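Observations on the model geometry
Here are the chains, one letter per residue:
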Amino acid sequence: MSLPPDPDVLLRCQDLARRFGGLMAVDGLTLEFRRGEVHAVIGTNGAGKSTLINMLSGEIPSSGGSVWLGAQDVTTWSQPRRARAGIGRSYQRTTIFPEFSVFENCRLCAQAAHSRPFALWESADRCKVSGDIAHEALRAAGLDEAAMQPAGSLSHGGKRQLEIAMCLSTRPKVLLLDEPLAGMGAEETDRMLQVLQGLKAGHAVLLVEHDMDAVFRIAERITVMVNGTVIASDTPEAIRVHPEVQSAYLGTDE
Amino acid sequence: MIRRAFPWIVAVLLLAAPALLTPYTYDLLLRIMVMAVFALSLELLVGMTGLVSLGHAAFLGIGAYSTVLLSPQYDPGNALLLLLTAAGISALYALFVGALSLRTKGVYFIMVTLAFAQMAYFVFHDTPIGRGTDGIYLVARPVAGAFDAENRTHLYYLVTGTLIGTYGLLALVRRSRFGHALAGIRVNEQRMRAVGFATYVYKLAAFVLAGALAGVAGFLLAVKDGFVNPELLSWHESGAVLLMIILGGIGHLRGAVLGAAAFVLLRELYASPDLVGPVSEHWQLALGLTIIVFVALLPKGLIGLPARLRGRR
């Protein structure tokens, strides 16, 4: 960690830990997420990847350590407060609002930071601020043509894209993406990777993903977790030849 | 088109109705409209926010009791002031109940709201405040300027106006950003928190508004009947209003009004010996069976009847 705080480090965690009963699910994680970088976190099931995302986004409290958003210590902040401050996340299982239109899914997310939610005389459908943000997010996620469709009628790949678009609608600085490629075909994966490439410039991206080809194609930095601890954190080239990683993870399946 | 115009047509008919009413139909219509205000207030919680409360009658009863207890003993009180205090006191109790109960979810929420309603019930049933099982009479109905609730036409327009106002307010809530956020909380609260909504505050605001509107319904009921008793706060009443919105169709404001009308009319039908003979002695049984049949045949409520008749599901 550089001594004068690096303005490109948008999110970092220090000695982050989480205990479930007697089990240390995550133990002493210290990581940085930089603007312009996709930082992939890989590891077998149960390595603590989702727990890490849950703690960074504030969905579950940490048992120890701290989370910093820029220069701000957000460890004690609630999840909604962290989200409004710029931490956006997607879920492993698709969690869209199926009965709303694709556009309304994003518009609603954009509305979260709106200053006057209780202005009852103003129609939500005609809210310009959130509407504009939603259209922009749909464009960035490549969904603008499906805007008026019911979200539940999208294909699986479309729903995953919508997850990203909803995340973007909150205007996040940091994107925590939990397996955005799960269950996708090759073509859908390509499209999603393009979307993620486009997002790099303005955001710090944490990518939890099982698709190793995709991870090595897109990530600038890869962290490997085993049993809640980091065994390696480096560039993709270095990770590929890392002996410990090969024996613990890459060599076995895939 | 017709469906969108429907509430407006009903509103115009209601405003024109007093000329045509007999004393019997007048009382029945008033009862339906008061219950419709009550059902609409619960629809805000159940249909719009996804919070199933089994203690909503507490707010009705508190509104009704505060109207009677705060009226001068022999003189008429100020109608506007009583209306606002009924809404305000119910809203305060809703703030207290909501602040605690909204920390729970699902069946626990149902049980906690029921428990708080039972607490309120026993306060009015067993303490000197409520003067026991017999309840209290409202000696003089309230007035405000030229308005006098003792006058049947005035009272009619007070109730009709309040129903239309409540419906209009909730229609505004539905289309507002607040209403859209409530809909999001109903579908997926977890996701709403993840994008930055402090969902607890939104739910609490909905709970307090619903309590205030139920208090308004209580005010109307007290003024209409000139009498209150603890049964207004009982869990039977909470269950009845829940049945009304289920009967009418959850998720629609029209459903709440329709359900209130259907419930009051069915109850009236089965309790009238002239119409149903000996069944009237067991009207609860007949009402219960009818509601089971309705719900089985019309899972979307009466609001889904036209679609059902056209063969769509």
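Bear in mind the structure is a predicted one, so any value in this text is a computation, not a measurement. (Residues numbered from 1 in each chain as written. Chains lettered and ligands numbered in written order. Predicted model: local features only at pLDDT ≥ 70, side-chain atom pairs only at ≥ 80, totals over all residues.)

**Focus on the domain arrangement of chain A**
Residues and elements named next belong to chain A. The domain boundaries assigned to chain A delineate domain 1 (1–86 + 172–254) and domain 2 (96–170). Computed from C-alpha atoms alone, the centre-to-centre distance between domain 1 and domain 2 is 26 Å. Contacts between the two partners involve 12 residues from domain 1, matched on the other side by 13 residues from domain 2. For the side of domain 1 that touches domain 2, the secondary structure elements donating two or more residues are α2 (79–85) and α6 (186–200). (Domains from an automatic or database assignment. Contact = placed C-beta atoms within 7 Å. Helix = DSSP H or I, 4+ residues; strand = E, 2+ residues; numbered from the N terminus.)

**Observations concerning the pairing of strand β2 (residues 23–34) of chain A**
All names here are of chain A. Across 8 bridges, the pairing between strand β1 (residues 9–20) and β2 is antiparallel. Across the sheet, C13 pairs through a bridge with L31, a residue of β2. Between β1 and β2, which pair antiparallel in sequence order, lie 2 residues; one of them, G21, sits at a positive phi of approximately 60°. (Pairing = 2+ DSSP bridges.)

**Notes on α6 of chain A**
All names here are of chain A. Its 15 residues place the ends of α6 21 Å apart at the C-alpha level, agreeing with the 21 Å of an ideal helix rising 1.5 Å per residue. Along α6, the residues classified as buried are M192, L196 and L199. Buried residues along α6 cover an arc of 55° about the axis, so they all sit on one side. α6 presents A186, E187, Q194 and Q197 as exposed residues on the side facing more than 90 degrees away from its buried surface. Where α6 is buried, its residues meet β3 (38–43), α5 (156–169), β7 (174–178), β8 (204–208) and α7 (212–218). (Expected span 1.5 Å × (residues − 1). Buried ≥ 20, exposed ≤ 12 C-beta atoms within 10 Å, placed from the backbone. Arc of directions from axis to C-beta.)

**What about the interface of chain B and chain A?**
Accessible area lost on assembly of the parts is the figure often given for the size of an interface. Contact residues are listed per partner, giving 21 residues for chain B and 28 residues for chain A. For the side of chain B that touches chain A, the secondary structure elements donating two or more residues are α6 (152–175) and α7 (177–194) of chain B. The element contributing the most residues to the side of chain B that touches chain A is α7 of chain B, with 12 residues. Here the residues of the side of chain B that touches chain A are counted per class, giving 10 nonpolar, 7 polar and 4 charged. (Nonpolar A, V, L, I, M, F, W, Y, C, P; charged D, E, K, R; others polar.)

**Points about the nonpolar core**
Counting residues in hydrophobic clusters, the biggest one holds 167 residues, and the most contacted among them are A36, V37, A39 and A260 of chain B. Among the elements that line this core, the one with the most residues is helix α8 (residues 199–225) of chain B, at 16 residues. Two domains share this core, each providing at least three of its residues, namely domain 1 (1–86 + 172–254) and domain 2 (96–170) of chain A. (Core = buried A, V, L, I, M, F, W, Y, C linked by C-beta atoms within 7 Å.)

**What about α6 of chain B?**
Taking 1.5 Å per residue, 24 residues should reach 34 Å; α6 of chain B reaches 35 Å between its end C-alpha atoms and fits that length. Those residues of α6 of chain B that fall on the buried side of the exposure criterion are L155, Y156, L158, V159, T162, L163, T166, Y167, L170, V173 and R174 of chain B.

**A closer look at the sheet that holds β3 of chain A**
Residues and elements named next belong to chain A. The sheet built from 6 strands is open, its strands ordered β6-β7-β8-β3-β9-β10 with mixed pairing. A strand with exactly one partner marks an edge of an open sheet, and here the two such strands are β6 (87–89) and β10 (229–234). Averaged over all pairs of adjacent strands, the angle between strand axes in this sheet comes to 20°, irrespective of strand direction. Pairing of β7 with β8, which is carried by 5 bridges, proceeds in the parallel orientation. Following the sheet pairing, V174 is matched in β8 by A204. (Axes fitted to C-alpha atoms, helices over the stretch in contact; angles between N-to-C directions.)

**Focus on the pairing of β7 of chain A**
Residue and element names in this part refer to chain A. For β7, the buried fraction is high: 5 of the 5 residues fall into the buried class. Side-chain alternation along β7 places V174, L176 and D178 on one buried face and L175 and L177 on a second face that is also buried. Of the crossover connections in this fold, the one passing from β7 over α6 to the parallel β8 is right-handed. (Right-handed = clockwise from strand over helix to strand, strands pointing away.)

**Looking at the environment of E220 of chain A**
All names here are of chain A. Turning to its location among the elements, E220 is positioned in the loop between α7 and β9 (221–226). When the 14 C-beta atoms within 10 Å are taken as the criterion, E220 is described as partly exposed. In this structure the C-alpha to C-alpha distance between E220 and P236, which are 16 residues apart in sequence, comes to 6.7 Å. Excluding anything up to four places from it in sequence, E220 contacts E37, V38 and H39.

**Examining unusual backbone geometry**
All names here are of chain A. At R171, a position not held by glycine, the phi torsion is positive, near 55°. Mapped onto the elements of the fold, R171 is located in the loop between α5 and β7. Judged by C-beta crowding, with 18 C-beta atoms within 10 Å, R171 ranks as partly exposed. The phi dihedral of E179 is positive, around 45°, even though this residue is not glycine. Judged by the 20 C-beta atoms lying within 10 Å of it, E179 falls in the buried class.

**Details of the sheet that holds β2 of chain A**
Strand order in the open sheet made by the 4 strands is β2-β1-β4-β5 (chain A), with antiparallel pairing throughout. The sheet is open, and its two edges are formed by β2 and β5 (72–73) of chain A, each paired on a single side.

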